[in-house]
Amino acid sequence: MNNDEKKIRILAVDDHPVLRQGIAGLIADESDMTLVAEAENGREAIRQFRTHRPDITLMDLQMPEMNGLDAMIAIRGEFPDARIIVLTTYTGDVQARRALQAGARAYLLKNSLHKELLNTIRAVHAGRKNLSPEVSFELAEHSAEDALSPLEVRVLGLIAQGNSNKEIAALLSVTEDSVKGHVRNILSKLGANDRTHAAMIGVKRGIIEL
């Protein structure tokens, strides 16, 4: 077996070329790793995964065309043993929980890359899971809370887009009183002071995207 066959083969998926270059630079300095392919969106990630069958995939969540979560679900549907590390700028517990449920082996914040990324790649390759401390804290902090229902998530998204209760009622084909009830539940579950505060919390925690 030659040296290249022993190396951890990595696919880097991110829509920012600068970040991919940074990852490539980090990996280039490591004798036990090699970057076999790059992708800038979820669809391309699936194609590159099929072609190269990497040992480790580094996956951004927010990307055009197809996001990282959908790409991860598609890849793991076809290749259940795929080992995927999520790289994101978002500490949100909801986003992290969705990624872990979709089969991510690790969840790292982009601001904590460098040494932590290399250690995480080796840990996941060896079969371990890894969460950054900030994400672990967020998950623990919100673990006992009532999650928003799919309809409440939809209402929160419409609030964040600036719609009034009357407009939301029309869009969802429900009564305005029904919307008011959903808004009350949302504020209560999120511990929000008002609609704007609820929208801010929703974005920060990854419940909704703007």
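Below is a short write-up of the structure. Please read these numbers as outputs of a predicted model, since none were measured by experiment. Along every chain, residues carry numbers that run from 1 in the direction the sequence is written. Where local features are concerned, this predicted model is filtered to residues with pLDDT of at least 70; where side-chain atom pairs are given and counted, the filter is 80 or more; whole-chain, interface and lining totals use all residues. With hydrogens and water excluded, all non-hydrogen atoms of the structure serve as input to the side-chain values.

1. Some words on the packing of aromatic side chains
Going by this rule: The pairing test for Phe, Tyr and Trp rings, Trp by its six-membered ring, is centres within 6.5 Å, and the orientation test on the planes gives stacked under 30 degrees, edge-to-face over 60, and tilted for anything in between. Secondary structure elements follow DSSP: runs of H or I of four or more residues count as helices, runs of E of two or more count as strands, with numbering from the N terminus. Using a 1.4 Å probe on the protein chains alone, a residue whose accessible area is under 20% of its type maximum counts as buried, one over 50% counts as exposed, and one in between counts as partly exposed.
Scanning the entire structure with this criterion turns up 1 aromatic pair. With a centroid separation of 5.0 Å and an interplanar angle of 45°, the aromatic rings of Phe 49 and Phe 79 are classed as tilted. Of this pair, Phe 49 sits in helix 3 (residues 42–52) while Phe 79 sits in the loop between helix 4 (68–78) and strand 4 (84–88), placing them 30 residues apart in sequence. Note on accessibility: Phe 49 and Phe 79 belong to one class, buried.

2. Observations regarding the side chain of Asn 163
In plain terms, the rule: Pairs of N or O atoms are called polar contacts if they sit within 3.5 Å, as long as, within protein, a hydrogen donor faces a hydrogen acceptor (for residues adjacent in sequence, only side-chain-to-side-chain pairs). In what follows, a contact means two residues having at least one pair of non-hydrogen atoms within 4.5 Å.
Positionally, Asn 163 belongs in the loop between helix 8 (150–160) and helix 9 (165–172). A relative accessible area of 16% means that Asn 163 is categorised as buried. From its side chain, Asn 163 meets the backbone oxygen of Leu 158 in a polar contact 2.9 Å long. Those residues in contact with Asn 163, other than ones at most four positions away along the chain, are Leu 158, Ile 168, Leu 171 and Arg 195.

3. Comments concerning the environment of His 52
Inspection of the secondary structure assignment puts His 52 in helix 3. Between the alpha carbons of His 52 and Asp 29 there is a distance of 21 Å; along the sequence they are 23 residues apart. Apart from residues lying up to four places away in sequence, His 52 is in contact with Arg 9, Val 36 and Ala 37.

4. Overview of the pattern of salt bridges
Heads up, the condition is: Between Lys or Arg on one side and Asp or Glu on the other, a salt bridge is scored when a side-chain nitrogen of the former is within 4 Å of a carboxyl oxygen of the latter.
Counted under the stated rule, the structure contains 7 salt bridges. Its salt-bridge partner being Asp 14, residue Lys 110 comes within 2.9 Å of it at the nearest N-O pair. On the criterion of sequence distance, the pair formed by Lys 110 in the loop between strand 5 (106–109) and helix 6 (115–125) and Asp 14 in the loop between strand 1 (8–13) and helix 2 (17–28) is long-range, its members being 96 residues apart. Residue classification places Asp 14 among the buried residues on the basis of a relative accessible area of 1%. The network of salt bridges with shared partners includes Asp 14, Asp 60 and Lys 110.

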